[in-house]
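Each chain is listed here by its residues.
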Amino acid sequence: MPATLSHFIFAQPRSLRSNLLFLVVIAFIPILAFAIVMVILSARNEREVFERGATERTRALITAVDAELKSFITPLEALATSRHLDVGDLGRFYEDAVRVLKSQPVWRTIILSLPSGVSVLNLLRPLGTELGAVVEKRSFNQVLKTLKPAVGDILFGPLTQSYDFVIRVPVLREGKLTYVLSAVIATKSIDGLISPQQLPPDWIGVVLDTRNRFVTRTIQPERNAGQLASESLRAALRRSPEGWFRGTTVEGWPVYTPYSRSSFSGWSVAMGIPADVVDATLRRSLLYLVFLGSGLLALSLLTAWILSSRTAGSIESLALMARTVGSGQHFPSETTQARITEVQVVRDALLSAHELLKRNSAEKERIASRLQLALQAGNIGVHEWNPQTKQLIWDDRVRAHWGLSPGAPVDFAVFLRGLHPGDRPRLKATLKRALDPASDGQYSAEFRVIGAEDQVQRWIEARGQVVFENGKAVRLTGTTIDISERRAFQSELERLVQERTAQLQETVGELEAFSYSVSHDMRAPLRAMEGYAKALLQDYRDRLDAEGKHWLARIAQSAQRLDLLVRDVLAYSKVAKSEIELTLVDLEKLIDDIIAANPEFQPPQVQIRMVKPLDRVIGHEAYLTQCVTNILANAIRFVADETTPVVTIRSERLDGKVRVGFQDNGIGIDRAHHERIFQIFGQVYPQDKYGGTGIGLAIVRKAMQRMNGDVGIESELGRGSRFWLIFNGEKDVAEPSHTVGRR
Amino acid sequence: MTTTNRAILLVEDNEDDVFLMRRALRGAHVVNPLHVVEDGQQAIDYLAGNGAFADREAHPMPAIVFLDLKLPYVSGHEVLAWIRRQKELETLVVIVLTSSNEPSDLNRCYALGANSYLVKPPTPEQLDDLTKAFKWYWLEYNHFDES
């Protein structure tokens, strides 16, 4: 049973209703038990009080019966002292007795008997009538034995023709029993003692003689007189002289019976209290209890039922709401209030959750539709593959990329079959790499797909990401794009680039051939011109006049000048195209070397001063030599007549750059020409007067640009010029310092 | 064999240059016999003694070759490469005399085994200086492999 109970309580989920009903029943049981105990205790107590009362009443009654019987003894004892009996004068005694009998209304007769048991006088007969032996012998013998009064048992008198009883007293003369005097008394005398008026109406009162026969009975006293009492009463009287028991009447009615036997007379009094009356209290109480209890229980159960219905209903409506919220459907926002506070709280929470979800899902829908639009616009397919379940999900765009119609079934085999056999191993390897948990899971590949249905070859680019959980690849998600057009465009572009490159290379080759040809073939005739002119001047010097010699000299000069031009143009094109490496250069040493190598840069023709120390610069030694040589040559060339050229070289740092200035005392250049002088053939001054090819500064600018630097000029006509070579800072090159100034 | 008897072979297709070179060598008082061939194939034939060049009286084996690079039929580079492939010409002094100062030409010639690389000077005066320097160095101070 406890197992079943605990099973009921704990083992299974129970409805709220069952739980509440169970709670009510459980709470009700001890109350009911307590009430029952109380009712039983109180009923028992009540019955004890009742029993005691009934017993008291029975005792009082037996006392009253004794008193009545004793009241009959006194006049009889008085009669027994009659002096007529002293002498045996029965006649006179008869008269005395008659007088006594007349004073006692309930007495039927008076009998005088000899101790032998023979009656000698009966007032119902004339004196002298022969009378029989004593009828009721028990009390007679008692008198003989005890010499005291005794009460006889009830007897149907043959003379009186009614149930009567006798009171006997001894007649003693000088201590000797001479007679036994008896009075026959009607039972009627006892009737009055237990008349119904003295008892509750439904009670039965009885008086029994020593043989347990009814002396009187409140119900039908005449009929019952002399009858034996009920079996149960007789049994009780045998057990004890006084008590209380539940039995039945002679009629068979169930009764409670208090009884008491007199020690004086040996008679008993008993009551028959209907069991119904006694039990009624308890039964009524129990009945009330049952009615009230079951009523209360029913009421509680009903209340519990209603409450649980209400709660369960609320909870069910909550569950319905939660399901609705969970499924993302919309529900009409109800305004009815829940009748349970907690439910109302949950309901409000659900409503606000629903609001949030609605807003979120709207936002999600917007994002999703935007994403769809983007995917559609970009013709981007989305694929997802689960390496564990092998489930493959493609949208219709991926299907289109694989040449499949919308909704066609796909799996990994379909994916593999579509791949171009030439790209299959490569893509497999890519996937294997991405699926390796040690990798970052990203993949990206371009490959060909042969359309399953249309047999069209497409170039597809796939990108994506593998997601790992606990060191296992669980999902592969990515996109595919049809890049066929891009591929076609790319290859077309590549073809074009190759074509153009080939053309360019051809052009470059031609240019190189051209410059090679320039350096070799164009200069050879010039050399020949000069050579022959000089040969003429030497070998035919005697045969030429002054004018002829002059013209030959001009031919030689022109040839020289053209050669110079050709060389400068070559130098310029070399500076423009050669690959160079920049290093740290010691400018002081470089300039010293240039001066040492060129006599025209040495005194007295020119004074070149360096304001030492000059900053080291980043450049290319050969280019720098060319730049410095050209600038110095210009400074020397463009001076006024009779002026010794003076060049001052200094360096300064400015904004992380190094500026090297060449200040000369030359003729200067008008501001208007500052830009032109750096252009190729941008000569400003007539070459007949100053010489030069007009390429020198263009070479300088080109060389400086190749060294990530620049060149500038500050000059005004007649005030000399300052050329600036501007270099990037030392920090820009990570060249070890021991290479400075050395190649 | 005295120095002045040693033959010099000039491989030069430009007759102006041949004239100027001949004149400059004379100006520098170089008296050694000067033989001239006008293209690369002739140079190879001369050195190999093919055909008419088999007569070593008329066409003696030179001690020094002036080799131009830009030549008809067979270029100077190929002639130089051919020379260095011949066992008996391994130690022949080959002086490249060209108008090219392209680093590529220079590098290639030294790699092929040229003994010297001279750029044709732009002026007759400078050519005179060159021939004088040549005479001092190669004909007066230099020792030839006589083997």
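Structure shown above.
Calculation rules
- Residues numbered from 1 in each chain as written.
- Chains lettered and ligands numbered in written order.
- Predicted model: local features only at pLDDT ≥ 70, side-chain atom pairs only at ≥ 80, totals over all residues.
- Helix = DSSP H or I, 4+ residues; strand = E, 2+ residues; numbered from the N terminus.
- Buried ≥ 20, exposed ≤ 12 C-beta atoms within 10 Å, placed from the backbone.
- Pairing = 2+ DSSP bridges.
- Axes fitted to C-alpha atoms, helices over the stretch in contact; angles between N-to-C directions.
- Contact = placed C-beta atoms within 7 Å.
- Nonpolar A, V, L, I, M, F, W, Y, C, P; charged D, E, K, R; others polar.
- Parallel < 35°, antiparallel > 145°, perpendicular 65-115°, else oblique.
- Left-handed = near helix turned anticlockwise from the far one by under 90°.

Notes on the overall build of chain B
Secondary structure summary: chain B contains 5 helices and 5 strands in total. When the helices and strands of chain B are listed from N to C terminus, the series reads β-α-β-α-β-α-β-α-β-α. Within the span of chain B, comprising 147 residues, buried residues form 35% of the whole.

So, the pairing of strand β7 (residues 204-208) of chain A
All names here are of chain A. Burial analysis of β7 places 5 of its 5 residues in the buried class, the great majority of the element. Side chains I204, V206 and L208 of β7 all project onto a buried face; the interleaved residues G205 and V207 project onto the opposite face, where all are buried too. With 3 bridges connecting them, β7 and strand β8 (residues 214-217) associate as antiparallel partners. Residue pairing in the sheet places V206 in a bridge with R217 of β8. The turn joining β7 and β8, which pair antiparallel and follow one another in sequence, is formed by 5 residues; a positive phi near 65° is taken by N212.

Some details on the sheet that holds β8(A)
All names here are of chain A. As summarised here, the arrangement of the 5 strands in space is β8-β7-β11-β10-β9, forming an open sheet in which the pairing is antiparallel. This sheet does not close on itself; its edge strands, each paired only once, are β8 and β9 (242-248). Averaged over all pairs of adjacent strands, the angle between strand axes in this sheet comes to 20°, irrespective of strand direction. With respect to the sheet, helix α7 (residues 231-239) is in contact with β9, β10 (254-261) and β11 (268-274), its orientation differing from that of β9 by roughly 155°. Here helix α8 (residues 275-327) sits on the sheet and contacts β9, β10 and β11; the angle it forms with β11, its principal contact strand, is near 50°.

Thoughts on the interface of chain A and chain B
Taken together, the contact between chain A and chain B spans 13 residues of the former and 13 residues of the latter. With 11 residues, the top contributor of residues to the side of chain A that touches chain B is helix α13 (residues 484-539) of chain A. Classifying every residue of the side of chain A that touches chain B by side-chain character gives 4 nonpolar, 4 polar and 5 charged.

Considering the environment of A:Q457
Residue and element names in this part refer to chain A. Note that Q457 resides in strand β15 (residues 457-469). Q457 gets classed as exposed once you count the C-beta atoms within 10 Å, which come to 12. In sequence terms Q457 and L419 are 38 residues apart; their C-alpha atoms lie 9.5 Å from each other. If we skip the residues at most four places from it in the chain, Q457 touches H420, R448 and I450.

What to know about the packing of α8(A) against helix α9 (residues 341-377) of chain A
Residues and elements named next belong to chain A. Where α8 contacts α9, the axes come no closer than 10 Å and their chain directions differ by 10°. Here α8 is positioned roughly parallel relative to α9, judged by the angle of their axes. In this structure, α8 contributes S314, I315, L318, M321, A322 and V325 to the contact, and α9 contributes V343, V346, R347, L350, A353, H354 and L357. When grouped by side-chain class, the residues that make up the contact of α8 with α9 number 10 nonpolar, 2 polar and 1 charged.

Regarding the packing of helix α2 (residues 16-80) of chain A against α8(A)
Residue and element names in this part refer to chain A. Closest axis-to-axis distance for the α2/α8 pair is 9 Å, and the angle between their directions is 165°. One finds that α2 runs roughly antiparallel with respect to α8. Once α2 is placed against α8, the crossing between them reads as right-handed. Split into classes, the residues belonging to the contact of α2 with α8 amount to 22 nonpolar, 7 polar and 3 charged.

Section: the sheet that holds strand β1 (residues 7-11) of chain B
All names here are of chain B. In spatial order, the strands read β2-β1-β3-β4-β5; together these 5 strands make up an open sheet with parallel pairing. Edge positions in the open sheet fall to β2 (34-37) and β5 (116-119), since each of these has one partner strand only. In this sheet, adjacent strand axes meet at a mean angle of 20° when their direction is disregarded. Bridge count between strand β3 (residues 62-67) and strand β4 (residues 93-98): 4 bridges; the pairing is parallel. Each residue of the ladder has a partner; that of V65, found in β4, is V94.

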